[in-house]
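Chain and residue survey
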Amino acid sequence: MAKDLRTYLGQLSEYDSQSIRVVDKEVDPKFGITAYAAALAEKGDYSALLFDQVKGSGLSCVSNLLTSYERIALYLGCEVQDIPRVYGEKLQKPIDPVEIDRSRAKVKETIISEEEVDLSKLPIPVHNEMDGGPYLSAGVMIIRDPDTGLINAGIYRHQIFNERDMGVWFLGAHHGGLIYKKYKKQGKPAPIAIAIGHHPGFVMGSVSRVQGIGGEYEAAGALMGEALELVQAETSDLLVPAHAEIILEGVILPDEDHKEGPFGEWPGHYLGGGSVPTIRITRITHRKNAIFQDIVASSREHLVVGGVPRSGSIYQTVKEVVPSLKTVNVPFYSRMNCYISLHKERDADVKKAAFAALNTEPENLRHIVVVDEDIDVFNGEEVAWAIGTRFDAERDLLVIPKWNGPGGLLPTNWDYNAEGKNTPRMSSAVIVDATKPAPPVIFPKRAVVPREQVELADLQALRELNKEEKDKWL
C-alpha cells in the first residue's frame, strides 16, 4: 500500500492511541477548528484533531497533526535527536516519482466539474482573529517551469476570495513565484494544482531546501522511503500526487490581482500581502470521504512543519564545512534561532558552522548559538546553561549588520510609524559562541553523576508514599 495521509494516521494511532482526538460536534470553520487547538495548547496538549462535522461542508478536517518532534521521528524511523541527520541524509538520496494509471489513483474517486466548483464547501478555516478570511495553510501548490519542464511544489498561503477564486502569496525568491513571472511575462495563465492531505514526507518534502527549481517530488520520495505515485491532472499536463485527499486544479491569471490579508504568519504576527495574483479553480478531484488537511497557522504545528526541514538542510550544509558536527536544532518555539552542537577541534570551527547555517537559511535565521557536543540542543535549558557558563559577550559575540531583508515575515525587518505606514529595512544577525576553548586549553569540567551509575538506577523500584510513611514523615 502506497503511503499517504491515512497510512500515517494509522501509524500514529498505533504508536499512541491518545494522539488523535475526534471532535464529533459541529464546529464553525471560522475560528471553531483553531479554537480547539488553542484550548488544548493552553493545557500543554498538542493532540491531533479530527473534525467530522464542519459547518457548511460534507468533508472531515484534520488539524494539529505535526505538533511534535516525536511525530516527525515516527515517520522518519529515528530518535528525536537524530532527526536533522536522518532528514538531511535522506535528502541526499532522492527517489524519483512514478506515474500510475488513473484507475489506481484514489484522488480520482470523485470529480467535480468547473460548473460545480464551490470552495465554500471545503472545510477551510479562518485561523486567527484578524485574518482577512479563510486560508489554505497545508495545500502544496504544483507548477511547471515553462522553460525546463520541471515541476516545482511548495506550500504558499492562499486566501479564499469567493467560490472559485483564491490568492497566492509569494515571498522573495520563492521558486513558484519565479515560475509564475515567466507565464505573466508571456501574458499566459499558469496552470497549477494544489494537493491537500498527504503523508508528512510529501508535505515536508515540498518545503525542503532543494537546490534549484524542481526536486520536491524526489525529496518527498526520499522522506517517505518510497517513490511518490503521481497521476495526470484533469485540466493540464501536470502530474499530481495520486493518493492526495483533494486536488484543486486551475490557473494563476496573468493580469488579475486581488487584495489579500492580513494573515497570522509563523513568527506570531499578522502580515498583509497587498495585492497578490489570483488563482481560478476549474476542477476539484478528491477521494471518497476525503479528509481536508489544515496546518494551524501561527501555532506550534506551523513552526514544527517549517523548522524540521530547515534543520535537515542546515545539518548537511554545516557537515560539509565542519565534519565534527554533532547535530542541529531549529527549535519549534523560535524558528529565528539555530542551535548547533559540535566537537570543536579548532576555534575557527564555530564561525565556519555558523556562517554555513546562515547562508542556508538567510531569510529567517537571526541567532546562531554554537555549543559543545555535551550539550543537548533539543533541550533549551541546556543551551541556556551553556550560554551562561561558556559565553562571554565581549569576546564571543559576533554581530553581522544588515544581514536580513529588507522586508519579509519578521517584524524587525520593518520600520514602523504612527501613521501605520511600514517601511522595509535590513536587520542584523548574531553568532553566539557558547563553546569551551579548543584544545589544548583546559576548561573546568561539568559536574555530572557517572553515566554507568545513572544506568544502574532501578527506576522500577520507585513507588508512592504509603499511609504509614506519610504519618511518619509528613
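Rules used in this analysis
Residues numbered from 1 in each chain as written. Predicted model: local features only at pLDDT ≥ 70, side-chain atom pairs only at ≥ 80, totals over all residues. Heavy atoms only, no water. Pairing = 2+ DSSP bridges. Helix = DSSP H or I, 4+ residues; strand = E, 2+ residues; numbered from the N terminus. Right-handed = clockwise from strand over helix to strand, strands pointing away. Buried < 20%, exposed > 50% of the residue type's maximum accessible area, 1.4 Å probe, protein only. Axes fitted to C-alpha atoms, helices over the stretch in contact; angles between N-to-C directions. Parallel < 35°, antiparallel > 145°, perpendicular 65-115°, else oblique. Contact = heavy atoms within 4.5 Å. Nonpolar A, V, L, I, M, F, W, Y, C, P; charged D, E, K, R; others polar. Core = buried A, V, L, I, M, F, W, Y, C linked by side-chain atoms within 4.5 Å. Left-handed = near helix turned anticlockwise from the far one by under 90°. Disulfide = S-S within 2.5 Å.

The next point concerns the pairing of strand β2 (residues 48–51). With four bridges joining them, strand β1 (residues 20–23) and β2 adopt parallel strand pairing. Bridge pairing in β2 places Val 22 opposite Leu 50. In this view, the connection linking β1 to its parallel neighbour β2 by way of helix α2 (residues 32–41) has right-handed handedness. Pairing between β2 and strand β3 (residues 60–63): three bridges, direction antiparallel. Its bridge partner being in β3, Leu 50 is matched across the sheet by Val 62.

Moving on to the environment of Leu 456. Tracing the sequence through the fold places Leu 456 in helix α12 (residues 451–456). We classify Leu 456 as exposed; its relative accessible area is 64%. Expressed as a C-alpha distance, the spacing of Leu 456 and Glu 26, which sit 430 residues apart in the sequence, is 52 Å.

Here we take up the packing of helix α4 (residues 83–91) against helix α8 (residues 300–321). The N-to-C vectors of α4 and α8 enclose an angle of 75 degrees; their axes lie 7 Å apart at closest approach. By the angle class used here, α4 and α8 are roughly perpendicular. Of the residues in α8, those in contact with Ile 83, Pro 84, Arg 85, Tyr 87, Gly 88, Glu 89 and Leu 91 of α4 are Val 308, Pro 309, Ser 311, Gly 312, Ser 313, Tyr 315 and Gln 316. Among the residues making up the contact of α4 with α8, the classes are represented as seven nonpolar, five polar and two charged.

Next up on the list: the environment of Tyr 46. Summarising the element assignment, Tyr 46 is placed in the loop between α2 and β2. Given the relative accessible area of 24%, Tyr 46 is considered partly exposed. Taking the C-alpha atoms as reference points, Tyr 46 and Ser 19, 27 residues apart in sequence, are found 8.2 Å from one another. Setting aside anything within four residues of it in sequence, one finds Tyr 46 in contact with Ala 41, Asn 64, Thr 67, Arg 71 and Arg 300.

A separate point is the nonpolar core. Formed by 38 residues in total, the largest nonpolar core has its most connected members in Met 141, Leu 248 and Ile 252. Looking at this core, the elements with two or more residues in it are α2, β2, β7 (140–144), α5 (175–186), β11 (190–196), β14 (246–260) and β17 (274–286). Not counting residues up to four positions away in its chain, the partners in contact with Met 141 are Asn 152, Ala 153, Gly 154, Tyr 156, His 158, Val 168, Phe 170, Ile 192, Ala 193, Ile 194, Ile 252 and Ile 279.

For any two helices packed against each other, the geometry is given by the interaxial angle and the distance between the axes. As a packed pair, helix α1 (residues 5–15) and helix α3 (residues 69–76) sit with axes 11 Å apart at the nearest point and diverge in direction by 115 degrees. One finds that α1 runs roughly perpendicular with respect to α3. Here α1 runs over α3; the crossing is right-handed. Counted together, Tyr 8, Gln 11, Leu 12 and Tyr 15 of α1 and Glu 70, Arg 71, Leu 74 and Tyr 75 of α3 form the full contact between these two elements.

Attention shifts here to the state of the cysteines. Tallying each qualifying case throughout the model produces zero disulfides. Just so you know, Cys 338 is unpaired, no disulfide at all, and the nearest cysteine sulfur is the one on Cys 78, 17 Å from it. Owing to a relative accessible area of 0%, Cys 338 belongs among the buried residues under this scheme.

Glancing now at the environment of Leu 171. When you line up the elements, Leu 171 lands in the loop between β10 (165–167) and α5. Residues Leu 171 and Leu 409, 238 residues apart in the sequence, show an inter-C-alpha distance of 8.6 Å. Ignoring any residue separated from it by four or fewer positions in sequence, one finds Leu 171 in contact with Gly 408 and Leu 409.

Cis geometry is found at the peptide bond from Gly 405 to Pro 406, where omega equals 0 degrees. Checked against the element boundaries, Pro 406 lands in the loop between β22 (397–404) and β23 (414–415). At Asn 64, a residue that is not glycine, the phi angle is positive and equals roughly 65 degrees. Taking the relative accessible area as the measure of exposure, Asn 64 reaches 4% and is therefore buried.

The next point concerns the pairing of strand β25 (residues 427–434). Burial runs high along β25: seven of the eight residues are buried. One ladder, built from five bridges, connects strand β21 (residues 367–372) with β25; its direction is parallel. Looking across to β25, one finds that Val 371 is bridged to Ala 434. Relative to β25, β22 runs antiparallel, the two sharing five bridges. Across the sheet, residue Asn 404 finds its bridge partner in β25, namely Ser 427.

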